[in-house]
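The primary structure of each chain is shown beneath.
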Amino acid sequence: MKKKILSLLLASAMVVSMAACGESGNSGTAPEQPAEQTETKEEAKEEAKEETKEEPAAEEPAAEPSELTDGKFAETRKITVEVYDRGNDGGSDPENNMYTEYIKKGMLEQHNVEVTFKKVPRWTEVDDINNLLAGGEAPDVCVTYSYPTILTYADMGGVIDLAPLLDQYKSELPNLWAWLGDENIYWDKDPKTGTVWAVEGRRFEQQRIVTFVRQDWLDKLGLQAPTTTQEFEDMLVAFRDNADTLLGKDAKKMVPFSISKDVGWRAANIITSFMDPSISDKDYYINGFDDRMVTEPQTKEAVRLLNKWYNDGLMRKNFSLAPDDTEEDDMIKAGYVGAFQHNWDMPFRNGEDSYNANLARNVGPDAKFVAIDPFTNSAGKHAKWLYSTAGDRKSFFPITNQEPLASLLYLDFISQPDVIKYLQIGDEGVTHEVLDSGAIQIKAAEGDAIQNSGKNIDMTITCNGAYYGDKDLAALSLSYGYAGIDPELVDNASKIAMTDGLTPKNVNVGTIEAEAGVGDTLSAKRDQAYDLSVECAAADFDKVWDDAIADYLSSGGQAIIDERTEKWAEYFGDSDMLP
């Protein structure tokens, strides 16, 4: 019945929710009840005395008995859990593999809960989870990177408020609380209403984005790794002008600097290098609703530089037309790309299918990408934004969830240190080896043991980053966590990723109503602003950028900025920095 009601509610509400934000269902104060005044104070006192004489003191209400005995339900409960389908060639079945079976077995043994996984395409996850929520068919445990998506359905009554459940069952969830702590569990807690629509997974690794370059190309041209923005540009020009030397018969396929249509991510360190080094917490928060930094004041000039490189033939033509990253991945693996920015460990991921493993096979043993740190800001720092401990996947329960405790126990189960360890490293001899130092060295897996995501994060939705159940073991093993990759390359990339790193702070001012329902629209318009501005003629740049940003702001961006400005003033007054 609940599913049917929700489907009707969401189907009718979705039409207006995407255009404008409805009133929050959790923003008001309960209406005052009229006080009954049928007796005088003196009469009330006398009555109280009589009651005290005649009746014994009331006993404290008995605590509600637990539904669990030794952590288990008496009768088997059933839940469905979302898992990303990345469509990996040669990957394992995301719904049925060695790791899903481990979870199913463990949940049944520990809690008498039967788990079924339900795959959702990773690259269209927001659209797909929208459709599942609207149709009342969402898994009991949902996960998304998009908090505005959760807010949209929370405002329509389609998401369970976890606050009372987390409090009521805290003693039953020791691993979840120990792993996430108050900070991540209450990261999104509304400071006025106390609602918690989702819990934030924990990022164990804060490294974010690094610039990579072909070391063999530098060696062949006698170049040193660039240490400034100008030196980086000069290097790209050298790649372009020496395409015959570097690629021979494939010279026309040369791409000195590769990028995808997600420019805000793939040029993040370039953009950050243009930002004001002394940016205040207030200014960063007001514009920080989109981590691609499209509304930061200095971003335009960073994109102008990319536009120059594009028109100078230093970047892939018409990159924005590619539907996904497959074409770019293939070019990188084939050896046609000289440099790119991406996730800090991107060249090392996926074992035998990693960028560097493919280069070694397709080009030669000396062909490899190495991390460099060329972009400096006006203060001379190699500034780059890091991850906070939160801001990753958000786990939430749709209102159709009939088993909230079983679902919380699922999050608790996958937050156990030994469970995280197994999900990340699997079986010794199959997916990893233990070195003499005790370090874990990941090896290439086959069949059901293949992990479809780096560090198996699709299975460890409360953990992002190699933790292995112990922080000291993780630190010891980090450089050995990539099958077939020289540990020194990984260690260097990790150090560069953290150099002069900037950590976002949690500004908790409650729900920003203007953000609900516009996430998809703004993301699309943001990417369009970047893509059109990079690919346009140099003479058209100012108009193209200004028009695209105006469209972005009028489509909901300005409303978010305005509301964030108001909320900052409400909670922090005239201060530019957090207390």
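Right above here is the structure, for reference.
The text that follows walks through the structure, step by step, so that each part is easy to find. The written sequence of each chain sets the order in which its residues are numbered from 1. The model is predicted, so local features are restricted to residues of pLDDT at least 70 and side-chain atom pairs to those at 80 or more, both for listing and for counting; the totals for chains, interfaces and linings are taken over all residues. Think of the side-chain values as coming from all heavy atoms in the structure, minus any hydrogens and water.

### Quick word on the overall build of the chain
Part 1 of the reasoning: A run of DSSP states H or I qualifies as a helix once it reaches four residues; a run of E qualifies as a strand once it reaches two. Both are numbered from the N-terminal end. Across its full length, the chain holds 22 helices and 17 strands.
Part 2 of the reasoning: For every residue, the accessible area obtained with a 1.4 Å probe (protein chains only) is divided by the maximum for its type, and the residue is called buried under 20%, exposed over 50%, and partly exposed between those limits. Relative to its 579 residues, the chain shows a buried fraction of 52%.
Part 3 of the reasoning: Expressed as a percentage of contacts within the chain between residues at least 6 apart in sequence, the contacts between residues at least 24 apart total 78%.
Part 4 of the reasoning: Accessible surface, the chain as shown: approximately 26,500 Å² in total, 50% of it carbon and sulfur. The contact criterion used is simple: two residues touch if any of their non-hydrogen atoms lie within 4.5 Å. Only the protein chains shown count as covering a residue, and every accessible area follows the Shrake-Rupley method with a 1.4 Å probe.

### Description of the pairing of strand β10 (residues 337–343)
Part 1 of the reasoning: For β10, the buried fraction is high: 7 of the 7 residues fall into the buried class.
Part 2 of the reasoning: Any two strands with at least two DSSP-identified bridges between them are counted as paired. Pairing between strand β8 (residues 209–214) and β10: 5 bridges, direction antiparallel. Directly across from V213, in β10, lies its bridge partner A339.
Part 3 of the reasoning: Here 3 bridges tie strand β9 (residues 255–258) to β10, and the two strands are oriented parallel to one another. Counted as the bridge partner of F257 is A339 from β10.

### Things to note about a negative patch on the surface
Part 1 of the reasoning: In this scheme, patches are assembled from residues that exceed 30% relative accessible area and form no salt bridge. Like charges are connected within 9 Å, while nonpolar side chains (Val, Leu, Ile, Met, Phe, Trp, Tyr) are connected within 5 Å. Criterion for a salt bridge: a side-chain nitrogen of Lys or Arg within 4 Å of a carboxyl oxygen of Asp or Glu. In this tally, Asp and Glu contribute negative charge and Lys and Arg positive charge; neither His nor the terminal groups of the chain are included. Where a charge lies is defined by one atom per residue type: Lys uses NZ, Arg uses CZ, Asp uses CG and Glu uses CD. Where like charges cluster on the molecular surface, the negative patch consists of D276, D283, D574 and D576.
Part 2 of the reasoning: Mapping D283 onto the fold places it in helix α13 (residues 281–287).

### So, the packing of aromatic side chains
Part 1 of the reasoning: Stacked, edge-to-face and tilted are the three classes for Phe, Tyr and Trp ring pairs, Trp counted by its six-membered ring, which pair at centre distances within 6.5 Å; planes under 30 degrees apart are stacked, over 60 edge-to-face, the rest tilted. Inspection of every chain in the model, using the stated rule, returns 26 aromatic pairs.
Part 2 of the reasoning: Centre to centre, the rings of Y99 and Y422 are 6.4 Å apart; their planes meet at 55°, and the pair counts as tilted. Placement of the pair is Y99 in helix α3 (residues 98–111) and Y422 in helix α18 (residues 417–425), with a sequence separation of 323 residues.
Part 3 of the reasoning: Residue Y99 is classed as buried on the basis of its relative accessible area, which comes to 1%.
Part 4 of the reasoning: Assessed through its relative accessible area of 16%, Y422 is described here as buried.
Part 5 of the reasoning: Seen in terms of ring centroids, W177 and Y186 are 5.6 Å apart; in terms of plane orientation they differ by 70°. Their pairing is edge-to-face.
Part 6 of the reasoning: Looking at W177, the relative accessible area reads 10%, which means it is buried.
Part 7 of the reasoning: Exposure remark for Y186: the relative accessible area of 24% places this residue in the partly exposed category.
Part 8 of the reasoning: The rings of F212, F340, W344, F348, Y355, F369 and Y482 are connected pair by pair, giving a single aromatic cluster.
Part 9 of the reasoning: We count a charge as sitting over a ring when the NZ of a lysine or the CZ of an arginine lies within 6 Å of the ring centre and within 35 degrees of the ring normal. The positively charged end of R202 is found above the aromatic ring belonging to W179, 4.2 Å away from the centroid.
Part 10 of the reasoning: R208 extends its terminal NZ or CZ atom over the ring of Y387, reaching a point 6.0 Å from the ring centre.

### Concerning the packing of helix α14 (residues 299–311) against helix α22 (residues 541–572)
Angle between the axes and distance between the axes: these two values describe a pair of packed helices.
Part 1 of the reasoning: In this analysis an axis means a line fitted to C-alpha atoms, helices contributing only their contacting stretch, and an angle means the value between N-to-C directions, from 0 to 180 degrees. One way to put it is that α14 packs onto α22 with a least axis distance of 11 Å and a crossing angle of 135°. Relative to α22, α14 is oriented oblique. Classified by chirality, the crossing of α22 by α14 is right-handed. For the pair formed by α14 and α22, the contact residues are T299, K300, V303, R304 and N307 on the first element and F541, D542, W545 and D546 on the second.
Part 2 of the reasoning: Looking at side-chain class alone, the contact of α14 with α22 contains 3 nonpolar, 2 polar and 4 charged residues. We call two directions roughly parallel when the angle between them is under 35 degrees, roughly antiparallel when it is over 145, roughly perpendicular when it lies between 65 and 115, and oblique otherwise. Note: crossing handedness is left-handed where the near helix turns anticlockwise from the far helix by less than a right angle, and right-handed where it turns clockwise. Just so you know the grouping, Ala, Val, Leu, Ile, Met, Phe, Trp, Tyr, Cys and Pro go in nonpolar, Asp, Glu, Lys and Arg go in charged, and all remaining residues, Gly too, go in polar.

### As for unusual backbone geometry
Part 1 of the reasoning: Phi angles above zero are rare outside glycine, and M293 is one such case at about 60°.
Part 2 of the reasoning: The exposure class of M293 is buried, given its relative accessible area of 2%.
Part 3 of the reasoning: Phi at N350 is positive, roughly 75°, even though this residue is not glycine.

### Concerning the pairing of strand β4 (residues 113–121)
Part 1 of the reasoning: Bridge analysis of strand β3 (residues 77–85) against β4 gives 9 bridges, and the strand direction is parallel. Bridge pairing in β4 links E82 to K118.
Part 2 of the reasoning: Consider the strands pointing away from the viewer: the crossover is right-handed when the path from the first strand over the helix to the second runs clockwise. Between the parallel elements β3 and β4, the chain passes through α3 in a crossover that is right-handed.

### Some remarks on the sheet that holds β9
Part 1 of the reasoning: Spatially, the 4 strands line up as an open sheet ordered β9-β10-β8-β11, and their pairing is mixed. Both outer strands of the open sheet, β9 and β11 (369–372), are each paired with one neighbouring strand and no more. Across the sheet, the axes of successive neighbouring strands diverge by a mean angle of 25°, strand direction being ignored.
Part 2 of the reasoning: Strands in contact with helix α15 (residues 326–334) are β9, β10 and β11; relative to β10, the strand with the most contacts, it is inclined by about 130°.

### So, the nonpolar core
Part 1 of the reasoning: Formed by 86 residues in total, the largest nonpolar core has its most connected members in F232, L236, F239, F257 and W309.
Part 2 of the reasoning: The leading source of residues in this core is α22, at 8 residues.
Part 3 of the reasoning: Dropping the residues within four chain positions of it, W309 is found in contact with F232, E233, L236, F257, I270, L314, M315 and F375.
Part 4 of the reasoning: Membership of the second largest hydrophobic core comes to 47 residues, among which are Y84, L173, L176 and I414. The term nonpolar core refers to a set of buried residues drawn from Ala, Val, Leu, Ile, Met, Phe, Trp, Tyr and Cys, joined through side-chain atoms within 4.5 Å.

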